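The chain contents come next:
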Amino acid sequence: AQSVSQHNHHVILSEAASLELGCNYSYGGTVNLFWYVQYPGQHLQLLLKYFSGDPLVKGIKGFEAEFIKSKFSFNLRKPSVQWSDTAEYFCAVNGDSGAGSYQLTFGKGTKLSVIP
Amino acid sequence: DTAVSQTPKYLVTQMGNDKSIKCEQNLGHDTMYWYKQDSKKFLKIMFSYNNKELIINETVPNRFSPKSPDKAHLNLHINSLELGDSAVYFCASSGGRDSVYGYTFGSGTRLTVV
């Protein structure tokens, strides 16, 4: 079974600070990796995803993530956060759950609060 | 055009009632899902359908019954609602493992059982 672990429950930063959110996964096969963002009261939106190729993935709104296979990690980074980045961030992984279906498994989320 | 649309957006109902949530996607995806997000924001898959066929049925009470009349629709019917069913339910769809679309989520249905 696949699982995802996000290290930080709540991160509080001042505007312009750099951000790194940790994500580790456990799965025996080839995985695809995702970061989703959920702004207050809204639905999940895809920030970025890794399927194959360059392990450094760039997403929307200045976010990037690095896949390190040896560490089973997919950490999310942003050099300078803004107040509008305040949201819940979810790391997710999918792999074959059998019968050709690729189940998306989420971490428990990290709440990011950016102070103006 | 909304890619994955859910109705209703909010649902307040009394314990013991039966209710349904509808989901439709216009992306041409083969696979649809229901996820439950609890009060601590934890997202857990409930069901997955691939071309109208049930693929994943996690440990969910059998009061929850998904129905997929065609691959563009996946509805969720809940019988005998309980207080613990209060949550936000998200529908999602995907085009499969290598799809450039990834997963697309609906805007969620906030269910409150009183």
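Throughout what follows, the structure given in this document is the object of discussion. Predicted, not measured: the structure shown is a model, and the values here were computed from it. (Residues numbered from 1 in each chain as written. Chains lettered and ligands numbered in written order. Predicted model: local features only at pLDDT ≥ 70, side-chain atom pairs only at ≥ 80, totals over all residues. Heavy atoms only, no water.)

## So, the nonpolar core
Among the nonpolar cores identified, the biggest contains 28 residues, and A:Trp35, A:Leu48, A:Phe74, A:Leu76 and A:Tyr89 are the most heavily contacted of them. Top element by residues in this core is strand β10 (residues 87–96) of chain A. It accounts for four residues. What A:Phe74 contacts, discounting residues up to four positions off in sequence, is A:Cys23, A:Leu33, A:Phe34, A:Trp35, A:Leu48, A:Tyr50, A:Val57, A:Ala65, A:Glu66, A:Phe67 and A:Cys91. Of all hydrophobic cores here, the second largest spans 20 residues; its members include B:Ile21, B:Cys23, B:Val60 and B:Cys91. (Core = buried A, V, L, I, M, F, W, Y, C linked by side-chain atoms within 4.5 Å. Buried < 20%, exposed > 50% of the residue type's maximum accessible area, 1.4 Å probe, protein only. Helix = DSSP H or I, 4+ residues; strand = E, 2+ residues; numbered from the N terminus. Contact = heavy atoms within 4.5 Å.)

## Some remarks on the pattern of salt bridges
Where charged atoms from two side chains of opposite charge come close, those side chains can pair. Residue and element names in this part refer to chain A. For the structure on display, the rule yields seven salt bridges over all chains. Notably, a salt bridge pairs Glu-64 with Lys-58, separated by 2.8 Å at the nearest N-O pair. Judged by its relative accessible area of 61%, Lys-58 falls in the exposed class. (Salt bridge = Lys/Arg side-chain N within 4 Å of Asp/Glu carboxyl O.)

## Quick look at the sheet that holds strand β7 (residues 64–70) of chain B
Residues and elements named next belong to chain B. Pairing in this open sheet of four strands is antiparallel, and the strands run β1-β3-β8-β7 from one edge to the other. Whereas interior strands pair on both sides, the edge strands pair on one side only; in this sheet they are β1 (4–7) and β7. Neighbour-to-neighbour, the strand axes of the sheet open up by a mean angle of 20°, direction not taken into account. Taken together, the five bridges between β7 and strand β8 (residues 73–78) define a ladder with antiparallel strand orientation. Within β8, the position partnered with Lys-67 by the bridge is Asn-75. (Pairing = 2+ DSSP bridges. Axes fitted to C-alpha atoms, helices over the stretch in contact; angles between N-to-C directions.)

## Quick look at the state of the cysteines
All told, the structure shown has two disulfides over all chains when counted by the stated rule. Here A:Cys23 is linked by a disulfide to A:Cys91, with a sulfur-sulfur distance of 1.9 Å. Disulfide A:Cys23-A:Cys91: torsion about the S-S bond near -65°, hence left-handed. Taken as a pair, A:Cys23 in strand β4 (residues 23–26) and A:Cys91 in strand β10 lie far apart in primary sequence, 68 residues in all. Classification of A:Cys23 by relative accessible area gives buried; the value is 0%. Disulfide pairing places B:Cys23 opposite B:Cys91 at an S-S distance of 1.9 Å. Across the disulfide from B:Cys23 to B:Cys91, rotation about the S-S bond amounts to roughly -80°, and the bridge is consequently left-handed. (Disulfide = S-S within 2.5 Å.)

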